[in-house]
Amino acid sequence: MENKVNINWYPGHMTKAKREMREKIKLVDMVIEIRDARIPLSSINPLLDEIIGSKPRLIVLSKADKAEKEETKKWIDYFKECGHKAVALNLIGDRNVAKTISNSCLSIMKEKIDKLKARGLKRVEIKAMVVGIPNVGKSTLINSVSRRKIAKTADKPGVTRTLAWIKVSNEVALLDTPGVLWPKFEDLKTGYMLAVTGAIRDDVLPMQSIIEFAVDFLIKNHKDKLVKRYEIEVSDNIFETIDKIAISRGCIQQDETIDYKRVYALLLKDIRDNQLGPISWEKTDADIE
Ligand SMILES: Nc1nc2c(ncn2[C@@H]2O[C@H](COP(=O)(O)OP(=O)(O)OP(=O)(O)O)[C@@H](O)[C@H]2O)c(=O)[nH]1
Ligand SMILES: [Mg+2]
């Protein structure tokens, strides 16, 4: 299989997005970069380093409820070794999102805060901006720390929107509009992982290949989960397993052949909805070279 691809699939203008992001980043002291806890390397934008320059960053591994706890811990240690502070959160379930974010930002900015305080500044407010690839949880994080749904203000053309800041705590504020980064992938595996977790549209890569990648991974790493969910015996054969799932779930067409479209959709939905249980699709030991 060809494993190098060069898909320039992301809609919109990357140059414009990059320029806008650079402008917004000037307004903040640090960046909160959200990545998907299930795929902490694939859910990045390789240009982020270039865009944020030397601004400090906090990595938030979102959807931690959908990833394996032990793996997530290893990822946090991995990032620490790389010099980055990372925290894992379930942005819709955890009650301490604001506190965790605030404390982490303060610890990252400690040196700067201490310096300002030494110069006599009484109240220091850290300004941060949330960035991340589509669907990773940017709006959820912002809504969660603001403890209310932020009304979407009508973006009228030609009218400059005033910047709004959301208080996370007395010392930390977030810019209310997050920066959207496009994911980028040159190898198919990264593309499949982005598809499986719902970060890219389903039509970017062939559905059959996404499912074959997913089932192959599940057979190798989580056979028990397939057995339990679909009440089937699972061999090492990808195609046989897909057929068994289809039969078990009644994905059969009128002419009694397998309805692949339906079984693919069913499998993808189950995976994204966490119906098989938490799965870390990217593991530290497999991905660090
Ligand atoms: N289970 C789980 N779901 C989450 C978590 N964070 C976000 N979600 C869900 O993921 C989906 C996408 O979240 P959003 O906050 O809209 O993502 P976004 O980054 O703002 O997406 P775009 O605006 O499209 O770029 C929503 O259905 C959220 O409910 C999490 O920590 N755990
Ligand atoms: Mg959003």
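Here, every reference points to the structure presented above.
Rules behind the numbers
- Residues numbered from 1 in each chain as written.
- Chains lettered and ligands numbered in written order.
- Predicted model: local features only at pLDDT ≥ 70, side-chain atom pairs only at ≥ 80, totals over all residues.
- Buried ≥ 20, exposed ≤ 12 C-beta atoms within 10 Å, placed from the backbone.
- Helix = DSSP H or I, 4+ residues; strand = E, 2+ residues; numbered from the N terminus.
- Pairing = 2+ DSSP bridges.
- Expected span 1.5 Å × (residues − 1).
- Arc of directions from axis to C-beta.
- Contact = placed C-beta atoms within 7 Å.
- Near = placed C-beta within 6 Å.
- Nonpolar A, V, L, I, M, F, W, Y, C, P; charged D, E, K, R; others polar.
- Axes fitted to C-alpha atoms, helices over the stretch in contact; angles between N-to-C directions.
- Parallel < 35°, antiparallel > 145°, perpendicular 65-115°, else oblique.

**Student:** For this particular structure, what's the right way to read the pairing of strand S6 (residues 172-175)?
**Tutor:** Walk down a regular strand and you will see the side chains alternate between the two sheet faces. Residues of S6 alternate between two faces, with Val172 and Leu174 on one and Ala173 and Leu175 on the opposite face, all of them buried. Bridge count for strand S4 (residues 126-132) against S6 is 3 bridges, and the pairing is parallel. Looking at S6, one finds that Ala128 is bridged to Leu174. As judged from the 3 bridges shared by strand S5 (residues 165-167) and S6, these two strands associate in the antiparallel manner. Residue Ile166 lies in a different strand from S6, and its bridge partner there is Leu174. In this structure, the hairpin formed by S5 and S6 is closed by a connection of 4 residues.

**Student:** So what exactly am I meant to see when it comes to the pairing of S4 here?
**Tutor:** Most of S4 sits inside the fold, with 6 of its 7 residues counted as buried. Inspection of the sheet shows strand S1 (residues 30-36) paired to S4 by 5 bridges, in the parallel sense. Residue pairing for S4: Glu33 is matched across the bridge by Val131.

**Student:** Mind showing me how you'd approach helix H11 (residues 260-272) here?
**Tutor:** Within an α-helix, residues lying three or four positions from one another point in the same direction, as the helix has 3.6 residues per turn. In this model H11 runs 18 Å from its N-terminal to its C-terminal C-alpha over 13 residues, within 8% of the 18 Å that 1.5 Å per residue would give. When H11 is considered as a whole, its buried residues turn out to be Val263, Tyr264, Leu267 and Ile271. Down the axis of H11, the buried side of the element spans an arc of 100°, and every buried residue falls inside it. In H11, the exposed positions angled more than 90 degrees off the buried face are occupied by Lys261 and Lys269. Summarising the contacts, the buried residues of H11 are in contact with helix H7 (188-196), helix H8 (207-221) and helix H10 (238-248).

**Student:** Looking at this structure, how should I read unusual backbone geometry?
**Tutor:** One can expect most non-glycine residues to show negative phi and most peptide bonds to be in trans. In this model, Asn135 sits at a positive phi of 70°, which is unusual for a non-glycine residue. At Glu231, a position not held by glycine, the phi torsion is positive, near 50°. Note on placement: Glu231 falls in the loop between helix H9 (223-230) and H10.

**Student:** So what exactly am I meant to see when it comes to the site of ligand 1 here?
**Tutor:** Neighbouring ligand 1 are 16 residues, the closest being Leu91, Gly137, Lys138, Ser139 and Thr140. Counting residues per element, the shell around ligand 1 draws most heavily on helix H6 (residues 138-146), at 3 residues. Each residue belonging to the shell around ligand 1 can be placed in one class, and the counts come to 5 nonpolar, 7 polar and 4 charged.

**Student:** How should I be thinking about the environment of Phe79 in this particular structure?
**Tutor:** With respect to the helices and strands, the residue Phe79 is situated in helix H3 (residues 69-81). When the C-alpha positions of Phe79 and Ile59 are compared, they lie 8.5 Å apart, and in sequence the two are 20 residues distant. When neighbours within four sequence positions are excluded, Phe79 is seen to be in contact with Ile59, His84 and Ala86.

**Student:** Help me out: how do you make sense of the packing of H7 against H8 in this one?
**Tutor:** Each pair of packed helices gets described by two things: the angle between the helix axes and the distance between those axes. One way to put it is that H7 packs onto H8 with a least axis distance of 10 Å and a crossing angle of 90°. Classified by the interaxial angle, the pair formed by H7 and H8 is roughly perpendicular. Contact residues: H7 offers Tyr192, Ala195 and Val196, while H8 offers Ile210, Phe213 and Ala214. Looking at side-chain class alone, the contact of H7 with H8 contains 6 nonpolar, no polar and no charged residues.

**Student:** Just to check I follow, could you spell out H3 for this structure?
**Tutor:** In this model, H3 (13 residues) spans 19 Å end to end at C-alpha, consistent with the 18 Å of a helix rising 1.5 Å per residue. Turning to H3, its buried residues are Glu71, Thr72, Trp75 and Ile76. When H3 is viewed along its axis, its buried side chains cluster within an angular range of 145° and face the same direction. For H3, exposure combined with an orientation more than 90 degrees from the buried face picks out Glu70, Lys73, Asp77, Lys80 and Glu81. Directly beyond the C-terminal end of H3, a positive phi value near 90° is found at Gly83.

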